[in-house]
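# Residue-level structure breakdown
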Amino acid sequence: MFNPDGRLFQVEYAKEAVRKGATSIGMVVKNGIIFVAHKNINDPLAVPSTIQKVFRVDTHIGATYSGMVSDGLHVINMARSASQSHRLVFDDVKSIEALSKEISSYMMQATQYGGMRPYAVSLLIGGIDNVPRLFEIEPGASFLGYKADAIGTGKKVASEVLIKDYKDNMELDEGMALGVKIIKKIHEGKLTAENVDIGYVMDGSSFGMYNRDEINALL
Amino acid sequence: MFNPDGRLFQVEYAKEAVRKGATSIGMVVKNGIIFVAHKNINDPLAVPSTIQKVFRVDTHIGATYSGMVSDGLHVINMARSASQSHRLVFDDVKSIEALSKEISSYMMQATQYGGMRPYAVSLLIGGIDNVPRLFEIEPGASFLGYKADAIGTGKKVASEVLIKDYKDNMELDEGMALGVKIIKKIHEGKLTAENVDIGYVMDGSSFGMYNRDEINALL
Amino acid sequence: MFNPDGRLFQVEYAKEAVRKGATSIGMVVKNGIIFVAHKNINDPLAVPSTIQKVFRVDTHIGATYSGMVSDGLHVINMARSASQSHRLVFDDVKSIEALSKEISSYMMQATQYGGMRPYAVSLLIGGIDNVPRLFEIEPGASFLGYKADAIGTGKKVASEVLIKDYKDNMELDEGMALGVKIIKKIHEGKLTAENVDIGYVMDGSSFGMYNRDEINALL
Amino acid sequence: MFNPDGRLFQVEYAKEAVRKGATSIGMVVKNGIIFVAHKNINDPLAVPSTIQKVFRVDTHIGATYSGMVSDGLHVINMARSASQSHRLVFDDVKSIEALSKEISSYMMQATQYGGMRPYAVSLLIGGIDNVPRLFEIEPGASFLGYKADAIGTGKKVASEVLIKDYKDNMELDEGMALGVKIIKKIHEGKLTAENVDIGYVMDGSSFGMYNRDEINALL
Amino acid sequence: MFNPDGRLFQVEYAKEAVRKGATSIGMVVKNGIIFVAHKNINDPLAVPSTIQKVFRVDTHIGATYSGMVSDGLHVINMARSASQSHRLVFDDVKSIEALSKEISSYMMQATQYGGMRPYAVSLLIGGIDNVPRLFEIEPGASFLGYKADAIGTGKKVASEVLIKDYKDNMELDEGMALGVKIIKKIHEGKLTAENVDIGYVMDGSSFGMYNRDEINALL
Amino acid sequence: MFNPDGRLFQVEYAKEAVRKGATSIGMVVKNGIIFVAHKNINDPLAVPSTIQKVFRVDTHIGATYSGMVSDGLHVINMARSASQSHRLVFDDVKSIEALSKEISSYMMQATQYGGMRPYAVSLLIGGIDNVPRLFEIEPGASFLGYKADAIGTGKKVASEVLIKDYKDNMELDEGMALGVKIIKKIHEGKLTAENVDIGYVMDGSSFGMYNRDEINALL
Amino acid sequence: MFNPDGRLFQVEYAKEAVRKGATSIGMVVKNGIIFVAHKNINDPLAVPSTIQKVFRVDTHIGATYSGMVSDGLHVINMARSASQSHRLVFDDVKSIEALSKEISSYMMQATQYGGMRPYAVSLLIGGIDNVPRLFEIEPGASFLGYKADAIGTGKKVASEVLIKDYKDNMELDEGMALGVKIIKKIHEGKLTAENVDIGYVMDGSSFGMYNRDEINALL
């Protein structure tokens with residue numbers, strides 16, 4: 001399963017699937033985390049609102065993914081179960097870091113055994129552990145924390161803009177505006193309220209999603 | 001199982017099987033969902049009524065598929081069981097979206113493990129969750145909501161017509177007429193009441209199928 | 001397991017085995033179903049009566065197959081068990097359509113998992129569900145109802161004759177005479193009472209087979 | 001496992017192993033069944049009597065095989081168990097036909113699953129079900145009744161002689177003489193009492209084997 | 001696993017391993033069985049007595065093998081267990097023939113399933129069932145009785161000598177002298193008491209082995 | 001799984017993955033063990049503190065790894081469980097050597113069975129068993145004790161420096177300064193407090209990590 | 001798994017791994033067994049004492065191995081368990097020969113099943129069964145007793161010296177001096193007390209290892 005270069009072929013190929021997925025962005029902002037995710041839906045008869053790119057994982061945790069839709073939902077569901085299970089067993093919320101590690105460990109299994117394929121998704125998972133935390137987990141199951149990060153087809157462009165424009169302690173609105181600006185840049189301005197999911201977790205309030213009007217105000 | 005391009009070979013090939021299946025169309029109409037599905041049966045001694053393309057999944061949910069017959073029936077049966085099981089456990093109907101996700105999750109398993117092949121079917125599943133909802137699930141297990149959608153051999157032609165002629169809040173009869181028109185166009189007019197299944201779910205009434213006379217009135 | 005064309009290689013090859021099997025014919029006649037099946041046995045020392053091509057599945061259901069002998073017997077046995085099991089559980093007879101679907105579902109499993117091969121048989125299964133019903137199930141597990149149908153090596157010739165000569169509401173004897181005529185045509189007249197199985201299910205009477213004298217009267 | 005021609009490669013190859021096995025002959029005679037089987041042993045220090053080619057399966061059933069020795073013994077043992085098991089469960093003898101079908105079904109499993117090979121044996125199984133019955137089962141698990149039949153390396157020669165010389169209602173001795181004549185012809189006369197097994201089942205008496213003197217009287 | 005010629009590749013290759021094993025000889029003598037087996041050990045620091053080629057299987061049964069050492073010990077152990085188990089269950093000794101068949105059946109399993117390899121040993125197993133019996137079992141699991149037989153690298157030479165010089169009802173000493181003469185011929189005279197195992201089973205006495213002095217007397 | 005050279009291909013490839021991992025260094029110092037590990041993170045928006053390279057395994061045991069992130073965490077977790085389990089069963093701490101052997105045994109399984117891949121990590125594990133002990137375990141599961149050792153991409157450079165500059169009984173601070181010097185040399189001076197983990201186990205005190213200020217004091 | 005030559009590819013390759021392992025020597029001396037094993041460790045910072053090449057298996061049994069470190073430890077552990085288990089079950093010590101056979105049988109399994117690889121180790125196992133016994137077991141699981149034997153990279157050189165210089169009934173010290181002389185010859189004199197393990201089992205005393213001073217006295 002390793003190539004002579006020490007890489008797992010199937011993991012490299014699964015990453016290629018992620019590179020083709022619609023772009024998702026996550027940012028740490030002042031007292032919170034935001035997610036801005038593109039839905040790459042061009043069919044005029046499709047209902048973009050039926051495809052979800054930003055998810056509530058727990059009251060204090062949100063997530064977004066890029067890659068294969070069914071794998072993304074599968075891993076998000078796994079994350080929700082893990083978070084709920086922690087509440088039941090410990091009567092306490094699970095930390096973002098602990099959850100990221102558990103997702104990483106779950107996705108790692110799929111890279112170790114023959115007869116399975118790796119999950120073709122990268123995840124951004126974030127929320128509030130006293131302070132805001134944001135993690136990326138990729139098909140090879142490694143994970144890393146970020147202040148701001150992008151996954152999917154626009155990762156390169158998004159990262160360049162984030163490096164230039166992202167600032168610590170941005171306000172929630174500033175962050176969302178930056179996220180929307182990046183998605184617009186990637187898609188050359190063609191962005192409607194229907195083709196973007198915007199979610200957030202703020203210290204003191206639970207996970208929320210912007211509605212169409214709130215998104216339109218940002219476009 | 002991934003190719004270097006990040007695609008699952010077997011899923012791509014299963015999609016090809018779907019592309020060769022008889023065309024099925026689903027539409028959201030005013031207060032309801034309609035399904036118009038072609039049965040590509042040319043043998044004069046075959047009994048087209050024995051092959052079903054539109055199915056009652058639950059009182060408020062219908063479905064149609066394109067692709068391998070046996071896989072289609074298998075997945076429809078799985079959907080029926082999931083819907084009934086939800087009723088038993090929660091004493092409530094399962095939402096169209098939740099059912100679509102469960103089918104997607106079921107079909108996703110068949111793409112993840114060696115020793116299995118993906119299901120060679122696309123499904124249109126629709127019904128009433130307060131408002132009418134229509135979803136397509138494909139062999140790779142991704143799903144998406146549509147206002148109007150076609151699967152199978154005539155997908156391209158059907159989509160073009162739907163984009164041009166489909167309107168929001170069409171009456172049930174208008175929608176069915178449009179569906180029949182599309183199937184006729186794909187097959188150059190050669191359509192009989194026996195070679196088409198027409199089903200619907202309307203708000204306030206449960207899933208129903210048109211009988212031969214009702215279909216003939218539309219031809 | 002799919003080829004790039006969306007077909008299952010092993011299913012296509014199993015169909016080839018069916019195409020080489022001795023011809024079987026089924027017809028809906030007035031108030032009944034008839035089966036006429038050839039036994040392609042040329043060895044003068046063989047005892048054709050030891051090979052069965054038409055089977056009683058239940059009192060109201062008969063069947064015939066073309067293809068690999070051992071697979072045919074296996075699937076017929078499966079059908080018998082399913083029918084008996086239905087009687088035990090529901091205290092009622094199983095409908096022809098329900099049984100056909102169950103056989104299809106059983107044969108479909110053999111196309112989905114690695115480490116198994118598809119069944120190399122096509123079946124004609126028929127009987128009385130208030131009205132006479134006749135279904136064909138093929139190695140890919142799809143099934144379809146017919147008024148009259150042929151499987152096996154003579155399928156093409158048989159279908160041409162059936163399309164020309166088969167009529168709705170034929171009498172039992174007419175149907176059998178037509179079936180025998182077709183088998184004779186396929187084998188250029190060389191047919192003896194020993195090389196053909198003739199069975200029937202009539203409304204009001206259970207499954208029966210013609211004896212040698214009855215068959216001779218038809219030759 | 002199927003080739004494009006609809007054949008199972010491994011079954012075809014197993015048949016080749018049967019074609020290389022020592023010849024066995026079975027015949028229906030008046031009120032009985034006889035088996036004459038060659039033991040192809042040329043080593044002057046071998047003890048041909050230690051290799052058995054004709055077997056008692058039950059009091060009323062005998063058998064012989066051609067092909068791989070260990071597979072032959074395995075299937076014969078399976079047949080003995082099936083026959084005894086029937087006696088225990090039903091307190092009645094198992095019919096030759098039912099036993100042949102059960103062996104066929106057992107051998108068919110070995111053709112259906114990966115990770116196994118087919119049995120490289122053909123069997124002749126015969127005995128008295130009111131009337132004498134004789135069946136051949138081959139590596140592909142199909143079975144057929146015969147009045148007289150040969151398997152193994154001399155099958156072609158044996159069949160030609162049987163077609164010419166075999167008569168219905170031959171006396172036991174006539175049948176055995178014919179069988180011995182055929183084996184002698186195949187091996188150009190070089191046959192000793194040690195290189196042939198002769199067994200029989202007669203109506204009213206249970207399975208028996210000829211001793212060396214009885215065989216010598218036939219040479 | 002069969003080649004087109006009807007042979008099992010792995011069995012043919014395992015036989016090649018046997019052909020390279022040190023020679024073992026078995027003979028039926030007057031009222032007994034003898035085994036003479038070579039130990040092909042040239043390392044002057046090895047202790048040939050630590051490698052055993054002739055084994056006591058039961059009081060009345062001995063054995064020798066040629067081929068892979070670890071496989072040989074494994075199968076000998078299996079034989080011992082089978083013989084003891086028979087004693088426990090039936091309170092009687094197991095016949096040589098029954099034990100040979102059980103070993104054959106055990107070794108046959110290793111030729112039938114994927115994921116295993118055949119045993120790379122041939123066995124000579126012999127003893128007293130009222131009369132002396134000697135059987136050879138080879139990697140393909142077929143077995144045959146012999147009056148005198150050789151396995152391993154010197155099989156061809158040994159068989160030629162045995163055919164010429166072996167006589168029925170040889171005395172024990174004559175047989176052993178013949179066996180030793182053959183081993184010497186194969187190895188051009190270079191034989192010491194340490195490089196040969198000599199064992200016997202005589203009617204009325206249990207399995208015994210010659211000690212160094214007894215062997216030296218034969219050299 | 002072995003190549004003709006007696007190596008396990010997958011283990012060699014997994015070692016290549018380790019050779020690409022960020023450098024980790026371990027040293028025995030006076031009365032203690034220190035770990036200095038690089039975090040090869042260049043993305044300005046990443047949060048290096050979220051990736052951990054030096055771990056507390058037990059109060060008296062620390063560890064660091066180089067190679068695949070998810071494999072590293074998996075094996076570290078395995079080590080923690082093994083150490084806790086020992087405490088529970090024996091009511092005593094597990095020795096460094098015993099734990100290293102258990103990790104080696106665990107990683108060895110992954111090299112022995114098909115259907116798994118080796119772990120793509122090397123570990124340095126160290127602590128106090130009366131005296132300080134430091135072990136390296138590599139993907140092939142062999143382990144060896146060291147006074148000072150490096151793993152990962154800078155292993156060669158680090159080893160040269162260690163051989164030259166490492167001394168027995170260095171003070172804790174000296175050792176850490178040497179470790180930092182080496183990491184700096186490997187990365188040409190570009191090292192910040194965020195890109196390095198420094199941990200230690202001292203006799204009489206449990207495992208500890210340096211904070212940013214303490215690390216900065218060393219840069 | 002066999003090649004046409006009757007060899008197991010994976011076993012041959014595993015033997016190659018043994019041929020590259022550090023040399024181990026075992027000798028029968030007067031009333032005892034000695035083991036002298038090289039540790040091929042050149043890294044000046046490694047701690048050779050952490051790698052063990054000579055092991056106490058039971059009070060009266062010692063062992064050494066050459067080949068893959070993790071496999072060596074695994075098999076040594078297996079041997080220890082087998083010896084302890086024998087004590088528990090039979091309340092008596094296990095003989096060297098019985099233990100060697102059990103190790104052989106264990107290692108043989110790894111050569112018989114697909115999905116496993118053979119163990120890449122040769123073992124020398126020795127001790128006192130009334131008299132001193134020494135056995136070698138190799139990756140193919142065959143075993144043989146020796147008066148003196150060497151395994152690993154220096155086997156050829158060591159064997160030549162042993163054949164020339166080894167004498168029966170050497171004193172313990174003579175044997176150890178000879179072993180050390182051989183290791184020195186293989187490594188051209190570069191041998192320190194740290195790079196060699198010397199162990200012994202003497203009649204009347206249990207397994208012991210030389211300490212550094214005792215080894216230095218021999219260098």
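Residues numbered from 1 in each chain as written. Chains lettered and ligands numbered in written order. Predicted model: local features only at pLDDT ≥ 70, side-chain atom pairs only at ≥ 80, totals over all residues. Heavy atoms only, no water.

### Topic: the overall build of chain A
Selection criterion: Strands here mean DSSP runs of E at least two residues long; helices mean DSSP runs of H or I at least four residues long; both are numbered from the N terminus. Only C-alpha atoms enter the radius of gyration, while the globule expectation follows 2.2 Å times N to the 0.38, with N the number of residues. Accessible area is worked out with a 1.4 Å probe on protein chains only. A residue is then buried under 20% of its type maximum, exposed over 50%, and partly exposed in between. Contacts are assigned to residue pairs that have any heavy atoms within 4.5 Å of one another. Using a 1.4 Å probe, the Shrake-Rupley method yields the accessible areas, and only the shown protein chains count as cover for residues.
When helices and strands are counted, chain A shows six helices and 11 strands. Its C-alpha atoms give chain A a radius of gyration of 17 Å, within 12% of the compact-globule value 17 Å for 219 residues. Evaluated residue by residue, chain A yields a buried proportion of 60% over its 219 residues. Put simply, 65% of the contacts in chain A that link residues at least 6 apart link residues at least 24 apart. Element-wise, carbon and sulfur atoms account for 50% of the exposed surface of chain A, whose accessible area totals about 8,300 Å².

### Here we look at the interface of chain F and chain A
Rule in force here: Accessible surface is computed with a 1.4 Å probe, and the buried area is the amount of it that two parts give up when combined, taken over both parts together. We define a salt bridge as a contact between a side-chain nitrogen of Lys or Arg and a carboxyl oxygen of Asp or Glu at a distance within 4 Å. Polar contacts, as used here, are pairs of N or O atoms within 3.5 Å; protein pairs need one atom able to donate a hydrogen and one able to accept it. Residues neighboring in sequence count only if both atoms are side-chain atoms. As a working rule, the residues Ala, Val, Leu, Ile, Met, Phe, Trp, Tyr, Cys and Pro are called nonpolar, Asp, Glu, Lys and Arg charged, and the rest polar, with Gly in that last group.
With 28 residues of chain F in contact, the opposing surface of chain A contributes 30 residues. Counting the surface lost from both chain F and chain A, the interface buries some 2,400 Å², and carbon and sulfur atoms represent 63% of this. The largest contributions to the chain F side of the interface with chain A come from Leu45, Thr50 and Arg117 of chain F, which together make up 30% of the buried area. Connecting chain F to chain A are one salt bridge. For Asp5 of chain A, the salt bridge is made with Lys20 of chain F, and the minimal N-O distance between the two is 2.8 Å. There are 11 residue pairs in polar contact (both at pLDDT 80 or more) connecting chain F and chain A. Breaking the side of chain F that touches chain A down by element, the ones donating at least two residues are α1 (9-19), β3 (46-47) and α2 (69-90) of chain F. Of the residues that constitute the side of chain F that touches chain A, the class distribution is 17 nonpolar, six polar and five charged.

### Re the interface of chain G and chain E
Residue-level contacts link 30 residues of chain G with 27 residues of chain E. A combined buried area of about 2,400 Å² lies between chain G and chain E, and 63% of that area is made up of carbon and sulfur atoms. Applying the counting criterion to the chain G and chain E interface returns one salt bridge. At the junction of chain G with chain E, the criterion picks out 11 residue pairs in polar contact (both at pLDDT 80 or more). With seven residues, the top contributor of residues to the side of chain G that touches chain E is helix α3 (residues 96-112) of chain G.

### Examining the sheet that holds strand β5 (residues 61-67) of chain A
We count it as follows: Pairing between strands is defined by DSSP: at least two bridges between them are needed. Helix axes use the C-alpha atoms of the stretch in contact, all axes being lines fitted to C-alpha atoms, and the angles between their N-to-C directions lie in the range 0 to 180 degrees.
With respect to topology, six strands assemble into an open sheet ordered β4(A)-β5(A)-β6(A)-β7(A)-β8(A)-β3(F), the strand pairing being antiparallel. The sheet is open, and its two borders are formed by β4 (54-58) of chain A together with β3 of chain F, each paired with just one other strand. Looking at chain direction, strand β8 (residues 143-146) of chain A and β3 of chain F are connected through two bridges and run antiparallel. Looking at β3 of chain F, one finds that Tyr146 of chain A is bridged to Ala46 of chain F. Together, β4, β5, β6 (121-129), β7 (131-137) and β8 of chain A form the strand contacts of helix α3 (residues 96-112) of chain A, whose direction differs from that of β6 of chain A by roughly 160°.

### Observations concerning helix α4 (residues 155-165) of chain B
Residues and elements named next belong to chain B. Keep this limit in mind: As used here, the arc is the angular range of directions from the helix axis to the C-beta atoms.
Taken together, the buried positions of α4 are occupied by Ala158, Ser159, Val161, Leu162 and Asp165. What you see down the axis of α4 is that its buried residues fit within an arc of 170°, all on one side. Pointing more than 90 degrees away from the buried face of α4 are the exposed residues Lys156 and Lys164. In the core, the buried residues of α4 are packed alongside β1 (24-29), β9 (148-151) and α5 (172-186).

### Thoughts on the sheet that holds strand β9 (residues 148-151) of chain G
Residue and element names in this part refer to chain G. If you trace the five strands from one edge of the open sheet to the other, you get β9-β1-β2-β10-β11, paired in antiparallel fashion. Only two strands of the sheet have a single partner each, and these edge strands are β9 and β11 (205-209). When the angles between neighbouring strand axes are averaged without regard to direction, this sheet yields 10°. The sheet contact formed by strand β1 (residues 24-29) and strand β2 (residues 32-38) spans six bridges and is antiparallel. Bridge pairing links Ile25 to Val36 in β2. The sheet contacts of helix α4 (residues 155-165) involve β1 and β9, and relative to β9 the element is tilted by about 165°.

### What about a nonpolar patch on the surface?
Where we set the bar: Exposure above 30% relative accessible area and the lack of any salt bridge qualify a residue for a patch; like charges then connect within 9 Å, and the nonpolar side chains Val, Leu, Ile, Met, Phe, Trp and Tyr within 5 Å.
A contiguous nonpolar surface patch, about 380 Å² in accessible area, is contributed by Leu88, Val89 and Phe90 of chain A. Among the secondary structure elements, Val89 of chain A is positioned in helix α2 (residues 69-90).

### Points about the pattern of salt bridges
A side chain of one charge can pair with a side chain of the opposite charge if their charged atoms are brought near each other. Inspection of every chain in the model, using the stated rule, returns 140 salt bridges over all chains. Between Glu12 of chain D and Arg7 of chain D there is a salt bridge whose closest N-O contact spans 3.5 Å. Arg7 of chain D sits in the partly exposed class, given a relative accessible area of 40%. Bridged by salt links that share partners, the residues Asp5, Arg7, Glu12, Lys15 and Glu138 of chain A together with Lys20 of chain F form one connected network.

### Observations concerning helix α2 (residues 69-90) of chain E
The condition is simple: The span you would expect from a helix comes to 1.5 Å times its residue count less one.
End to end, α2 of chain E covers 32 Å across 22 residues, agreeing with the expected 32 Å (1.5 Å per residue, within 8%). Contacts from the buried residues of α2 of chain E go to β4 (54-58), β5 (61-67), α3 (96-112) and β6 (121-129) of chain E together with α3 and β8 (143-146) of chain G. Taken from the residues just after α2 of chain E, Asp91 of chain E is the one with a positive phi, measuring 55°.

### Concerning the pairing of β4 of chain E
Residues and elements named next belong to chain E. Counting buried positions along β4 gives four out of five residues, so the element sits mostly inside the fold. Alignment of β4 against β5, held across four bridges, turns out to be antiparallel. For Phe55, the partnering residue across the bridge sits in β5 and is Ala63. Hairpin connection of β4 to β5: two residues between the antiparallel strands.

### Things to note about the packing of helix α3 (residues 96-112) of chain F against helix α2 (residues 69-90) of chain G
Short version of the rule: Note on angle classes: values under 35 degrees are labelled roughly parallel, values over 145 roughly antiparallel, values of 65 to 115 roughly perpendicular, and the remainder oblique.
One can describe the packing of α3 of chain F onto α2 of chain G by two numbers: an axis separation of 10 Å at closest approach and a directional angle of 110°. As the angle between them shows, α3 of chain F and α2 of chain G are arranged roughly perpendicular. Contact with α3 of chain F, carried on its side by Ser104, Met108 and Gln109 of chain F, involves Ser70, Asp71 and His74 of chain G of α2 of chain G and no other residues of that element. For the contact of α3 of chain F with α2 of chain G, a count of residues per class yields one nonpolar, four polar and one charged.

### Remarks on the side chain of Lys39 of chain A
Residues and elements named next belong to chain A. By the secondary structure assignment, Lys39 is in the loop between β2 (32-38) and β3 (46-47). Its relative accessible area of 5% is what places Lys39 among the buried residues. The contact partners of Lys39, leaving out residues within four places of it in the chain, are Pro48, Ser49, Ile51, Lys53, Glu194, Asn195, Val196 and Asp197.

### Some points on the environment of Ala148 of chain B
Residue position: Ala148 of chain B is located in strand β9. As for Ala148 of chain B and Phe135 of chain B, which are separated by 13 residues in sequence, their C-alpha atoms are 9.3 Å apart. Leave out the neighbours within four places in its chain, and Ala148 of chain B touches Leu45 of chain A together with Gly26, Met27, Leu134, Leu162 and Tyr166 of chain B.

### A word on the pairing of strand β10 (residues 196-202) of chain E
All names here are of chain E. Burial runs high along β10: seven of the seven residues are buried. Covered by surrounding structure in β10 are Val196, Ile198, Tyr200 and Met202 together with Asp197, Gly199 and Val201, the residues of both alternating faces. As paired strands, β10 and strand β11 (residues 205-209) are joined by three bridges and run antiparallel to one another. If you follow Met202 over to β11, its bridge partner there is Ser205. Taking the residues between adjacent antiparallel strands as the criterion, β10 and β11 are bridged by two residues, where Gly204 takes a positive phi near 95°.

### What about unusual backbone geometry?
The residue Ala141 of chain A is not glycine, and still its phi comes out positive at about 80°. Non-glycine residue Asn130 of chain F carries a positive phi angle of around 60°. Taking relative accessible area as the criterion, Asn130 of chain F reaches 73% and is therefore assigned exposed.

### Looking at the confidence of the model for chain A
Rules: The predictor rates its confidence in each residue with pLDDT, a number between 0 and 100.
Taken as a whole, chain A shows an average pLDDT of 94; of its residues, 100% reach a score of 70 or greater. In the predicted complex, the global pTM is 0.90; the interface-specific ipTM is 0.90.

### What to know about the environment of Val57 of chain A
Residues and elements named next belong to chain A. Examined against the element boundaries, Val57 turns out to sit in strand β4. We classify Val57 as buried; its relative accessible area is 3%. Here the alpha-carbon distance between Val57 and Asn211, two residues 154 residues apart in the chain, equals 18 Å. Ignoring anything within four residues of it in the chain, the contact list for Val57 reads Gly62, Ala63, Ala79, Arg80, Ser83 and Leu99.

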